[in-house]
Amino acid sequence: MTSAAPAMQCTMELFGMARLAAGRVAVTLAVPRGATLADALAALALACPTLLGKAIAENGAALLPGHVLNLDGRSFVDDLSQPVRPGERILLLSDQAGG
Amino acid sequence: MHGYHGRALVIDLTAGASRYDALDDATLRAFVGGGGLGSYLLYRYCPQGADPLGPWNPLIFVTSPLIGTGLTTTSKFAVVAKSPLTGFIGDSLSSSYLAPELKKLGADAVVILGQAARWSVLCIDDGAVTVRDAAHLLGQDTFETEAAVKRELGPKVRVACIGPAGERLVRYASIATDGGRQAGRTGIGAVMGSKRLKAIAVHGTQRVTLAAPEAIESYAVDLRARSLGQATEKYRVLGTMANVASFNRLGALPTRNFQQATFEQAAAVSGETLHRTHAPKDAHCANCTIGCEKVLTTSDGGAKTSARMEYESLFALGPLCGVGDPNVVVRAARACDALGLDTISTGVTIAWAMECAQRGLLTPQDAGGMRLRFGDGDALLAAIELIARRGEGLGDLLAEGTRQASARVGEGSEAWAMHVKGLEMPGYEPRSLQTMALGLAVSTRGACHNRSSAYEADFSAEVDRLRADDRRGAIAMRTEDFSAVLDSMIWCKFLRKAFTDFWGESARAYEMVTGVPTAPDDLRRAGERINNVKKLFNIREGWTRADDTLPARALEEPLRDGVAAGVRLTRGDLDMMIGSYYHARGWTEEGMVPEGKIGEMGLEGLLAQPSSDRMR
Ligand code: SF4
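Residues numbered from 1 in each chain as written. Chains lettered and ligands numbered in written order. Predicted model: local features only at pLDDT ≥ 70, side-chain atom pairs only at ≥ 80, totals over all residues. Heavy atoms only, no water.

Description of the domain arrangement of chain B
All names here are of chain B.
Consideration 1: According to the domain assignment, chain B contains domain 1 (7-203), domain 2 (227-424) and domain 3 (434-613).
Consideration 2: The C-alpha centroid of domain 2 is placed 26 Å from the C-alpha centroid of domain 1.
Consideration 3: On the domain 2 side, the residues contacting the 35 residues of domain 1 number 35 residues.
Consideration 4: Interface area, domain 1 with domain 2, both sides summed: about 2800 Å², of which 50% is carbon and sulfur.
Consideration 5: For the interface between domain 1 and domain 2, the tally reads three salt bridges.
Consideration 6: Residue Glu400 is joined to Arg171 by a salt bridge in which the shortest nitrogen-to-oxygen separation is 2.8 Å.
Consideration 7: Summed over the shared surface of domain 1 and domain 2, the result is 24 residue pairs in polar contact (both at pLDDT 80 or more).
Consideration 8: Taken together, the elements giving at least two residues each to the side of domain 1 that touches domain 2 come down to helix H4 (142-153), helix H5 (164-167) and strand S11 (181-183). (Domains from an automatic or database assignment. Contact = heavy atoms within 4.5 Å. Buried area = accessible area lost by both parts, 1.4 Å probe. Salt bridge = Lys/Arg side-chain N within 4 Å of Asp/Glu carboxyl O. Polar contact = N/O pair within 3.5 Å; in protein donor to acceptor, adjacent residues only side chain to side chain. Helix = DSSP H or I, 4+ residues; strand = E, 2+ residues; numbered from the N terminus.)

Next up, the structure:
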């Protein structure tokens, strides 16, 4: 990924603790084409620094325990090297352990 | 063996007698405690074919090896009986100060048989059993009953009681302890009512020894610290109410009696919103550092009331009934706790009736003038009262639960009676959570999210939650065996993400308590054994493969809304997954437990037990 890569948009939807920490329901991010989910997470941390130490690790590159990502409300992902697709909606959720 | 008393206190209310029955070390190790030991005791003390609401269905309170150790979240007990909703194994766990008091009675379990001659309070003071008249308590709600018993017997007693619903044998009545905490599922409050027990008051002084108290103390400190980490933060701050918004987004929030998988007013009843609008107060079960309980107080102009709120109550009394006003949900949950009703079965049964009304099968005339409409909070609250008091007509009908009510009403209403084996469905849409669909279908206690945590796979990258495949059998078995051990040690489910190695830590904890060398595989096998004994009980009570299924709606209608719109779960899909589950369990194609498996699990002795153990 280079800084000259054209930008595309994706949207992070926040649920649970992430929504509380950020004080926002969703954040639209501009990321370079070819960006990975880890890159999107880092962009989210820049846009909402209050998520650091709450849902995103202090280095901005990983999720903290108790959080998961889901793409477009359909598939859960655990591989953050996966590329982001233009217009993708990425859900940042608190992990489900029943109720 | 340390950690146990090695006996059960058996009380025969009909004869007015009690005795201790020995529980040998091998049995205790094999079934651990809580739900596992309770399943064994049910098999042993329940006569085959016993009427769930007849005198010889045992009502069994079971403690666990971890109670009294100071390990966080372990003040829990199990109540087990043959369920009046399902006719199969019924069990319910609850957390409260009753748990350590029960354990100090000098027995690992209290088995209650027979029926009192009149409405009574059963008092157990160490081993001494007495019965007091309870006529003056009849009609009182659970809060009033507990307070009255404590006033009469002193503040040291701990109380389990039923409300008006249990008195009237509502098939999904609960047992309440500690100011409204419920052992809710499978109708065990009706079993208590059938014994004419309005309350049970216990006080004990007998403590068990622990094999390695200092090691336990240092482990307890470590575990307490981990219980306050990131993995449990959602539970500490939002509680399980956090599920509403995410389930809605994932198309997994049952709405209007499972006609929809999303709710247009989900935001109003989401945990994130309620955190802002209702500033919930934190509450903890006894000896718990996490404190996932959130107490909500109404915020409108009506009479102020408060209720403990968690996801299952919220979904069942909110979206499932089309209700988006959180204040109505708080009032409904409070009414269920006071009247002694399981919130899930109550909400699901009323939602079924609302759909009957929507389709013209229940007119206001049938419903005593009541207009049952989705979203009508007044109708919801009125129906709850009517059910608990078995009000003539509608109340009496709905008090039977969805299976029996739909059989009476007929006209195809069985298709939207959302239960499995007679137990109403929890808040997990099976069509968009297809591993959970299997877990719900095969669970021995009916539609249950607690005895199977198969949804964990659906909320991960392990599976495609919107499709079925034949790997799900092994996953459902794994999650059931895990839950069986969790429910037998007993650890709270919400602690599970705080373990770095659940099986290793549980084995070490068991060894520190009992002094018995224990490997993780010993506990894995105990989990498998416990699920086999539950299944053997059901088979004995008439289970067939046809009982492992889902409501017709889940198998015949595609989802209509949300991200999973158009997704189906066919009978063929479910059959294929059930086959893979029986295969993983080593059962026959018809789901029976073969001789070889019974031997492998060491269960031959249980099946050959003398019937005299059952007292009748
Ligand atoms: S985490 Fe919640 S349910 Fe579990 S013991 Fe604590 S307060 Fe009770």
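What about helix H17 (residues 434-442) of chain B?
Spacing of three or four residues puts side chains on the same side of an α-helix, whose turn is 3.6 residues.
Residue and element names in this part refer to chain B.
Consideration 1: Of all nine residues that make up H17, nine are buried, and the element is covered over most of its length.
Consideration 2: For H17, the set of buried residues is Gln434, Thr435, Met436, Ala437, Leu438, Gly439, Leu440, Ala441 and Val442.
Consideration 3: Contacts made by the buried residues of H17 are with strand S16 (419-420), helix H18 (455-458), helix H19 (472-489) and helix H23 (571-585). (Buried < 20%, exposed > 50% of the residue type's maximum accessible area, 1.4 Å probe, protein only.)

Digging into the packing of aromatic side chains
Consideration 1: On inspection of all chains with the given rule, the structure shows 21 aromatic pairs over all chains.
Consideration 2: Measuring from ring centre to ring centre gives 4.9 Å for Trp491 of chain B and Phe499 of chain B, while their planes differ by 75°; the resulting arrangement is edge-to-face.
Consideration 3: Counting every residue linked through ring pairs, the aromatic cluster contains Phe76 of chain A together with Phe247, Tyr311, Phe315, Tyr428, Tyr455 and Phe459 of chain B.
Consideration 4: Stacked on the ring of Tyr20 of chain B, the Lys or Arg Arg7 of chain B has its end atom at 3.6 Å from the ring centre.
Consideration 5: The ring of Phe143 of chain B has Arg334 of chain B sitting right over it, with the charged end atom 3.9 Å from the ring centre. (Phe/Tyr/Trp six-rings, centres within 6.5 Å; stacked < 30°, edge-to-face > 60°. Lys NZ or Arg CZ within 6 Å of the ring centre and 35° of its normal.)

Brief notes about the pattern of salt bridges
All names here are of chain B.
Consideration 1: Tallying each qualifying case throughout the model produces 47 salt bridges over all chains.
Consideration 2: With its nearest N and O atoms 2.7 Å apart, the salt bridge here joins Arg181 to Glu293. Note that Arg181 is positioned in strand S11 and Glu293 in strand S14 (residues 293-297), a separation of 112 residues in sequence.
Consideration 3: Here Arg256 and Glu264 are joined by a salt bridge, their closest N and O atoms 2.6 Å apart.
Consideration 4: Classification of Arg256 as buried rests on a relative accessible area of 17%.
Consideration 5: Overall, Glu264 belongs to the exposed group, its relative accessible area being 53%.

Side note on the nonpolar core
Residues and elements named next belong to chain B.
Consideration 1: Grouped together as the largest cluster of nonpolar side chains are 167 residues, with contacts concentrated most on Leu341, Leu372, Leu380, Ile384, Trp491 and Leu550.
Consideration 2: The element that contributes the greatest number of residues to this core is helix H13 (residues 343-358), accounting for nine residues.
Consideration 3: The next biggest cluster of nonpolar side chains, apart from the first, holds 41 residues, and it includes Leu98, Trp119, Cys123 and Ala201. (Core = buried A, V, L, I, M, F, W, Y, C linked by side-chain atoms within 4.5 Å.)

Some details on the site of the ligand
Consideration 1: As a structural note, the neighbourhood of the ligand is formed by Thr73, Lys76, Cys285, Cys288, Ile290, Gly291, Cys292, Cys492 and Phe494 of chain B.
Consideration 2: Classifying every residue of the shell around the ligand gives six nonpolar, two polar and one charged. (Near = heavy atom within 4 Å. Nonpolar A, V, L, I, M, F, W, Y, C, P; charged D, E, K, R; others polar.)

What about H23 of chain B?
Residue and element names in this part refer to chain B.
Consideration 1: Over its 15 residues, H23 runs 21 Å from end to end, which matches the ideal 21 Å to within 8%, given 1.5 Å per residue.
Consideration 2: Burial in H23 covers these residues: Leu574, Met577, Ile578, Ser580, Tyr581, Tyr582 and Arg585.
Consideration 3: Packing partners of the buried residues in H23 comprise H17, H19, helix H21 (520-540), helix H22 (552-556) and helix H24 (595-600).
Consideration 4: Directly beyond the C-terminal end of H23, a positive phi value near 75° is found at Gly586. (Expected span 1.5 Å × (residues − 1).)

A few points about the sheet that holds strand S15 (residues 306-309) of chain B
Residue and element names in this part refer to chain B.
Consideration 1: Reading across from one edge, S13-S14-S15 is the order of the three strands in this open sheet, with antiparallel pairing throughout. Edge positions in the sheet fall to strand S13 (281-283) and S15, since each of these pairs with one other strand and no more. Pairwise comparison of adjacent strand axes, ignoring direction, gives a mean angle of 35° for this sheet.
Consideration 2: Across three bridges, the pairing between S13 and S14 is antiparallel. (Pairing = 2+ DSSP bridges. Axes fitted to C-alpha atoms, helices over the stretch in contact; angles between N-to-C directions.)

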